[in-house]
Amino acid sequence: MKTHNSSIEHLQAEFDARIAEDAKIEPKDWMPAAYRKTLIRQISQHAHSEVIGMQPEGNWITRAPSLRRKAVLMAKVQDEAGHGLYLYSAAETLGMSRDQMIADLQSGKAKYSSIFNYPTLSWADIGAIGWLVDGAAIMNQVMLCRCSYGPYSRGMVRICKEESFHQRQGFEIMLTLAQGSEEQKAMAQDALNRWWWPSLMMFGPPDSESANTEQSMAWRIKRQTNDELRQRFVDQTTPQADYLGLTIPDPDLKWDAEAGHYQFGEVDWDEFWQVVKGNGICNRDRIRQHVKAHEDGTWVREAAQAHAERKAAAAEAA
Ligand SMILES: [Fe+2]
Ligand SMILES: [Fe+2]
């Protein structure tokens, strides 16, 4: 028993030393059970967000206003599918099966970003999502490129490159609408009004109420807190709204020269928790649609499995 304990202590000390020197932890390395569990939760939640996030935008592919807009939006939505796949693969390296992750998503046990439980009511929403939602995602994800878990950090490097294209395509839609007719500008303003606050919620609860932040920072999974990232997002996005000639729906928003930051109003955290608990406008729809798509795809998975088995059998016979 004594040997066992001291070997765990030794492994823990080695792990701590690697974290301290900013080395990556790889799938075959020893890691504390809680570190593994935190990463599985975070990476699978991230993967689910990429995949469910295809739904609100997919809703507008058939109604994109031009062939160019349609091609760009399709490319963007396909990127999100790819992000989901990289991330499911990263979570699998921690010993979690893809089937289990999908089952947890569909049962409601696993969460995804609440922002995707809001509906896309007009074409301007596609602009607002790219500009604000992908913009907020980048802010979160840039720090994850330096995450201590190797497969996650490497996946994020590639994902971030694509996210910056998503952000730009959204901003370009907003710019076109903001410089268009009165009706188009009103559409852009309405989209900003509806997406602003949910975008601020994307960074998660305030630091004072975030159960996981402190431990995740110590493990170097996260590098910045929810509130720090939220502040950066407001600082970066407010001048962009000014450039568009649109008004951010926050009467308390103002520049604080002394602090070098924008001050902003209180997020409606009751709304946030309601949506997290499954009571947002689209929660049930999103899961229903996911279950249907997954069931419709059964034959593809079966065919791929049969093909893999036949190839393996042929390789063995040769
Ligand atoms: Fe993405
Ligand atoms: Fe994206």
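In this report, the structure presented in the accompanying data block is examined. (Residues numbered from 1 in each chain as written. Chains lettered and ligands numbered in written order. Predicted model: local features only at pLDDT ≥ 70, side-chain atom pairs only at ≥ 80, totals over all residues. Heavy atoms only, no water.)

1. Regarding the overall build of the protein chain
Across its full length, the protein chain holds 13 helices and two strands. In terms of C-alpha radius of gyration, the protein chain reaches 22 Å, essentially the compact-globule figure of 20 Å for 318 residues. Principal-axis analysis of the C-alpha atoms gives the protein chain an extent of 70 × 55 × 35 Å. Burial status across the protein chain gives 47% buried among its 318 residues. Look at the contacts in the protein chain between residues 6 or more apart in sequence, and 77% of them connect residues 24 or more apart. Total accessible area computed for the protein chain in this model is approximately 16,500 Å², and 55% of it derives from carbon and sulfur atoms. Looking at charge distribution, the protein chain has the averaged site of its 36 positive side-chain charges lying 6 Å from that of its 43 negative ones. (Helix = DSSP H or I, 4+ residues; strand = E, 2+ residues; numbered from the N terminus. Rg over C-alpha atoms; globule rule 2.2 N^0.38 Å. Buried < 20%, exposed > 50% of the residue type's maximum accessible area, 1.4 Å probe, protein only. Contact = heavy atoms within 4.5 Å. Areas by Shrake-Rupley, 256 points an atom, 1.4 Å probe, with all protein chains shown as cover. Lys, Arg positive; Asp, Glu negative; His and termini not counted. Charge placed at Lys NZ, Arg CZ, Asp CG, Glu CD.)

2. Observations concerning the coordination of the iron ion (ligand 2)
Only E80 (OE), D134 (OD), E163 (OE) and H166 (ND1) from the protein coordinate the iron ion (ligand 2), and they sit 2.0 to 2.2 Å from it. Angles of 89 to 161° at the metal separate the four donor atoms of the iron ion (ligand 2), which places the site in the irregular class. Of note, the donors binding the iron ion (ligand 2) are all from one chain and are spaced E-x53-D-x28-E-x2-H. In this structure, the iron ion (ligand 2) lies 3.4 Å away from the iron ion (ligand 1), the two metals sharing E80 as a donor. Placement of E80 in helix α4 (residues 67-92) and of H166 in helix α7 (residues 150-178) is noted, with a sequence separation of 86 residues between them. Assigned by exposure class, E80 and H166 land together as buried. (Donors = N, O, S within 2.8 Å, 3.2 Å for Na, K, Ca; no water. Tetrahedral: all angles 85-135°; square planar, octahedral: opposite > 155°, others 65-115°.)

3. Some points on the layout of surface pockets
Computed from the structure, the second largest pocket encloses a volume of approximately 420 Å³. As for the second largest pocket, its lining consists of 14 residues, and the residues nearest its centre are V51, I102, H290, A293 and H294. Elements supplying a minimum of two residues to the lining of the second largest pocket: α3 (54-58), α4, α5 (98-107) and α12 (283-296). Looking at the lining of the second largest pocket element by element, the count peaks at four residues for α12. Taken together, the residues of the lining of the second largest pocket break down into seven nonpolar, four polar and three charged. (1 Å grid on protein atoms, 1.4 Å probe; cavity = no way out; pocket = protein on both sides within 12 Å on 5 of 7 lines; lining within 4 Å. Points joined across faces, edges and corners; volume = space filled by probe spheres on them. Nonpolar A, V, L, I, M, F, W, Y, C, P; charged D, E, K, R; others polar.)

4. Remarks on the environment of P32
Inspection of the secondary structure puts P32 in the loop between α1 (2-20) and α2 (33-52). P32 sits 17 residues away from F15 along the chain, and the two C-alpha atoms are 8.2 Å apart. Setting aside chain neighbours within four positions, we find P32 in contact with Q12 and F15.

5. Here we look at the nonpolar core
Y35, L39, I43, Y149, Y152, W195 and W196 are the most contacted members of the largest nonpolar core, which totals 78 residues. Here this core gets 13 residues from one element, more than from any other, and that element is helix α6 (residues 123-144). Not counting the four nearest positions on each side in its chain, I43 is found in contact with L87, A90, A91, L94, Y149 and Y152. (Core = buried A, V, L, I, M, F, W, Y, C linked by side-chain atoms within 4.5 Å.)

6. A few points about the coordination of the iron ion (ligand 1)
On the protein side, the iron ion (ligand 1) has E50 (OE), E80 (OE), H83 (ND1) and E163 (OE) as donor atoms, found 2.0 to 2.2 Å from it. Because the angles between the four donor atoms bound to the iron ion (ligand 1) fall within 85 to 144°, the donor set is best described as irregular. As a motif over one chain, the donors of the iron ion (ligand 1) read E-x29-E-x2-H-x79-E.

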